[in-house]
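# Structural characterization, general
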Amino acid sequence: MCGIVGYIGKRNAVTVLLNGLQRLEYRGYDSAGLSIIEDGNLLTFKKQGKVKELIKVLEGKEFKANIGIAHTRWATHGEPSDINAHPHHDNSGNIAIVHNGIIENYASLKQMLISKGYKFVSATDTEVLAVLIGYFYEKVKDLEEAVRTALTEVQGTFGLAVLSTYEPNKIIAARRGSPMIVGLGEEEFIVASDASAIIQYTRQVIYLSDNEMVTLNNENYYTKTIDNIRTNNIVHLVDFDLSKIEKGGFEHFMLKEIFEQPQTIRDACRGRLIVEEGIARLGGLLPVLDKLREVDRIIITGCGTSWHAGLVGEYLIENLCEIPVEVEYASEFRYRNPILRKNDIVIAISQSGETADTLAAVQEAKQKNATVLGIVNVVGSSIARQTDAGVYIHAGPEIGVASTKAFTSQLVVLTLISLLLGRMRNLSKIEGIRIARGIKELPEKVEKILEKADQIKEIAREFKYSRNFLYLGRGYNFPVALEGALKLKEISYIHAEGYPSAEMKHGPIALIDENMPVVFIAPKDEIYDKVISNIEEVRSRKGRVIAIATENDETITRYAERVIYIPDTLPMLTPILTVIPLQLLAYYIAVELGCNVDQPRNLAKSVTVE
Ligand code: M6R
């Protein structure tokens, strides 16, 4: 995914655009660029590397333009380079475009344009779209119509913004499968791929729908479909402020977000947990309560960390509600002709609400007439809008590429859903109250774990040079082992694998020697003794054991070289606690190794391409 921002108004456009790019940089950071119109000329600056490289290019230059578009890129077509960076121009050099998504039929369009004498300088699909718009402009002499006609020719996905000296007081933006939001200020508009680039100026926004475009000029805006039908949009209020997207004194967003978890867990429960009655009230599910009552099977889908949350959800729902659950990678779901029956419910989990594979899984499920629910963080995102009903996790903006607070909030919401469904079935009030009390106590328990940050930093120093790690857990904590391994590899580039503890003997045990740290997630629960046996198997092969264990567990110190304690809680809630030390361990190892924690190589916050 990439970041787009466009501005038209009275401010200095370059300042607004650079501010926006810095806020959007977590979406992609291999090159950045901007175009403005100044004194009737289209000026474009672009540079491979992070936004700070673009800023260096602009240093010492004075600009007075009040209109412009900008982009920060995560490469899909064409390697990261100055030439492949956006904006791209048409052949006349009078039209500039920034684009997120993929133009799937770019090769045939390019061929058609080349046969008519058009030239290309980059390897991108976006340039093809720029040249195509220029081609249509020559015919219709109307920018909006040229953009619209070009988009009717395009297969694939786009969020885009277009600027041209032909009509210098206009920005045209459009979307299909890649988010675009328009911020409505006083005599100014900011169009962006997410709200973080907008809220410094206004909190009133409209969300473009798929196949919708907007034309912005100095005074007003209007929207229409790409098929040329005028549309009306509801104005929404973005409910977070600037402090939520700033580091607030922390060295990295990831660390800030790890430390926000006591609060984000509270926010996920706010107004939803009725402890005295042992139930959860989830307003977002009211429209589908009848369907939930009749559900025969639940299919949970998502990618990466959200998929791991889904795996915990499987254990929760099967245990508390006795409903069969399957968890499926969203990227596989639509390619295997999933069989969906009348009383099946699909739950899509996504922090961003924009992950292309998860969105495609939602669409596939809807096409097969399934009821589709969302567990999403970003309000107004595509998945939130395309699902039949759902529950927001309310974790606030997550900027660190490695997902942390979203995971624990997803787990809280999955527990609330399980409580709701369980109480609609056979779960007793007493058991419901016990679970609800456990949930309510979680924020304080997370705070206690965060107090151990220095101890975890020490462990990170000790193990930072290991080139491989194994993470092992059982039951509810098997998905946490996967999540711990994912956190480590994505931000520190150390190879790490997660396994169910008992599965180790079926292969990974061959890897164990004195150089292999093995992180065991071993809270006191009904399978604790089995995990201890697995730890012994590792110790007898000289593996170095780091254990996540329940406080007051003295036994574990006989087996593990290092122990990080978590407060006691119900087994089903342990993942919300055991994952916190693993997030911190990954974070501190990455920092020790000098890695860019918030913007790890090759990654982007949300993967909006297949
Ligand atoms: O926004 P989503 O939750 O749909 O994103 C899914 C994955 O791309 C995401 O969890 C990814 O694996 C993270 N980088 C993990 O930290």
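Being a predicted model, the structure only gives us computed values, none of them experimental.

### A closer look at the overall build of the chain
The number of helices and strands found in the chain is 18 helices and 27 strands. Seen through its C-alpha atoms, the chain measures out along the principal axes to roughly 75 × 55 × 45 Å. In the chain, 71% of the contacts between residues at least 6 apart in sequence involve partners at least 24 apart. Element-wise, carbon and sulfur atoms account for 47% of the exposed surface of the chain, whose accessible area totals about 23200 Å².

### Observations regarding the site of the ligand
In the neighbourhood of the ligand, 14 residues make up the surrounding shell, with Ser306, Ser350, Ser352, Thr355 and Glu490 lying closest. For the ligand, an oxygen atom lies 2.7 Å from a polar atom in the side chain of Ser352. At 3.1 Å, a backbone N or O of Val401 approaches a nitrogen atom of the ligand. Out of a free accessible area of 420 Å², the ligand has 91% covered by protein chains.

### Quick look at the packing of helix α1 (residues 13-24) against helix α2 (residues 51-58)
Each pair of packed helices can be described by the angle between their axes along with the distance between the axes. Close contact between α1 and α2 brings their axes to 10 Å; oriented N to C, the two are set at 160°. Between α1 and α2, the interaxial angle falls into the category roughly antiparallel. The chirality of how α1 crosses α2 is left-handed. Taking contact as the criterion, the partners of Val14, Leu18, Leu21 and Gln22 in α1 are, on α2, Val51, Leu54, Ile55 and Leu58. Looking at the contact of α1 with α2 residue by residue, the classes come out as seven nonpolar, one polar and no charged.

### Details of the packing of helix α14 (residues 429-450) against helix α18 (residues 574-592)
Close contact between α14 and α18 brings their axes to 10 Å; oriented N to C, the two are set at 30°. With respect to α18, the element α14 is oriented roughly parallel. The crossing of α14 and α18 is right-handed. Note on element contacts: α18 touches α14 through Ile576, Leu577, Ile580, Pro581 and Leu584, opposite Leu442, Lys445, Val446, Ile449 and Leu450. For the contact of α14 with α18, the per-class residue count stands at nine nonpolar, no polar and one charged.

### A few points about the state of the cysteines
Between two cysteines, a covalent bond joining their sulfur atoms is known as a disulfide. With the rule as written, the count across this model stands at zero disulfides. Here Cys2 stays free of any disulfide, with the sulfur of Cys303 as its closest cysteine sulfur at 17 Å. By relative accessible area, Cys2 is classed as buried at 8%.

### Some points on unusual backbone geometry
Of note, the bond from His86 into Pro87 is cis; its omega dihedral lies within 30 degrees of zero at 0°. Of note, Pro87 is situated in the loop between β4 (67-73) and β5 (88-89). One non-glycine residue, Glu322, adopts positive backbone phi at about 55°. Assignment of secondary structure puts Glu322 in the loop between α9 (304-321) and β19 (325-329).

### Observations concerning the sheet that holds strand β9 (residues 181-184)
Overall, antiparallel pairing links the eight strands, which are arranged β3-β2-β4-β1-β10-β9-β11-β15 in an open sheet. Sheet topology places β3 (41-48) and β15 (236-237) at the edges, where each strand pairs with a single neighbour. As judged from the six bridges shared by strand β2 (residues 31-38) and β4, these two strands associate in the antiparallel manner. Looking across to β4, one finds that Leu34 is bridged to Ala70. Across the sheet, α1 is in contact with β1 (3-8), β2 and β4; its angle to β1 comes to roughly 160°. Sheet strands touched by α2: β2, β3 and β4. Its angle to β3, the strand with the most contacts, is close to 135°.

### Some words on the pairing of strand β20 (residues 344-350)
One face of the sheet, then the other: side chains in a regular strand alternate in exactly this way. Judged by how many residues are buried, β20 sits mostly within the fold: seven of seven residues are covered. Taking every second residue as pointing to the same face, both faces of β20 are buried, with Asp344, Val346, Ala348 and Ser350 on one and Ile345, Ile347 and Ile349 on the other. Taken together, the five bridges between strand β18 (residues 297-302) and β20 define a ladder with parallel strand orientation. Of the residues in β20, the one forming a bridge with Ile300 is Ile347. Sheet topology places β20 next to strand β21 (residues 371-376); six bridges connect them, and they run parallel. Residue pairing across strands places Ile347 opposite Leu373, the latter belonging to β21. Of the crossover connections in this fold, the one passing from β20 over helix α11 (residues 356-367) to the parallel β21 is right-handed.

### Quick look at the domain arrangement of the chain
Taken domain by domain, the chain comprises domain 1 (3-238), domain 2 (249-447) and domain 3 (452-610). Between domain 1 and domain 3, the C-alpha centre-to-centre distance is 43 Å. Listed per partner, the contact involves nine residues of domain 1 and nine residues of domain 3. In this assembly, domain 1 packs against domain 3 so that about 920 Å² is buried in total across both faces, 55% of it on carbon and sulfur atoms.

### Points about the layout of surface pockets
What the largest pocket holds in volume is close to 800 Å³. In terms of lining, the largest pocket is formed by 41 residues, of which the most central are Phe240, Asn377, Val378, Val379 and Pro397. Those elements that place two or more of their residues in the lining of the largest pocket are β15, α7 (261-269) and α12 (382-386). With three residues, the single largest contributor to the lining of the largest pocket is α7.

### Considerations on the packing of aromatic side chains
By the definition in use, this model includes 10 aromatic pairs. Both rings, one in Phe250 and one in Phe259, keep their centres 5.6 Å apart while their planes meet at 35°; by these two values the pair is tilted. Take Phe250: its relative accessible area is 30%, and that puts it in the partly exposed class. By relative accessible area, Phe259 is classed as partly exposed at 28%.

### Thoughts on α1
A rise of 1.5 Å per residue sets the reference length of α1, with its 12 residues, at 16 Å; its end C-alpha atoms lie 16 Å apart and thus fit the reference within 8%. Most of α1 is tucked away: nine of the 12 residues are buried. Of the residues making up α1, those classed as buried are Ala13, Val14, Val16, Leu17, Leu18, Gly20, Leu21, Arg23 and Leu24. At its buried positions, α1 is contacted by β1, β2, α2 and β4.

### Description of helix α15 (residues 453-463)
All buried positions along α15 are accounted for by Ala453, Ile456, Ile459, Ala460 and Phe463. Along the axis of α15, the buried residues cluster in a sector spanning 115°; they form a single face.

### Comments concerning the sheet that holds strand β24 (residues 495-500)
In spatial order, the strands read β24-β23-β25-β26-β27; together these five strands make up an open sheet with parallel pairing. If you trace the sheet from one side to the other, it starts and ends with β24 and β27 (562-566), each paired once. In this sheet, neighbouring strand axes are inclined to one another by 20° on average, regardless of whether the strands run parallel or antiparallel. As paired elements, strand β23 (residues 468-473) and strand β25 (residues 517-522) share four bridges and run parallel to each other.

Thresholds applied
- Residues numbered from 1 in each chain as written.
- Predicted model: local features only at pLDDT ≥ 70, side-chain atom pairs only at ≥ 80, totals over all residues.
- Heavy atoms only, no water.
- Helix = DSSP H or I, 4+ residues; strand = E, 2+ residues; numbered from the N terminus.
- Contact = heavy atoms within 4.5 Å.
- Areas by Shrake-Rupley, 256 points an atom, 1.4 Å probe, with all protein chains shown as cover.
- Near = heavy atom within 4 Å.
- Polar contact = N/O pair within 3.5 Å; in protein donor to acceptor, adjacent residues only side chain to side chain.
- Axes fitted to C-alpha atoms, helices over the stretch in contact; angles between N-to-C directions.
- Parallel < 35°, antiparallel > 145°, perpendicular 65-115°, else oblique.
- Left-handed = near helix turned anticlockwise from the far one by under 90°.
- Nonpolar A, V, L, I, M, F, W, Y, C, P; charged D, E, K, R; others polar.
- Disulfide = S-S within 2.5 Å.
- Buried < 20%, exposed > 50% of the residue type's maximum accessible area, 1.4 Å probe, protein only.
- Pairing = 2+ DSSP bridges.
- Right-handed = clockwise from strand over helix to strand, strands pointing away.
- Domains from an automatic or database assignment.
- Buried area = accessible area lost by both parts, 1.4 Å probe.
- 1 Å grid on protein atoms, 1.4 Å probe; cavity = no way out; pocket = protein on both sides within 12 Å on 5 of 7 lines; lining within 4 Å.
- Points joined across faces, edges and corners; volume = space filled by probe spheres on them.
- Phe/Tyr/Trp six-rings, centres within 6.5 Å; stacked < 30°, edge-to-face > 60°.
- Expected span 1.5 Å × (residues − 1).
- Arc of directions from axis to C-beta.

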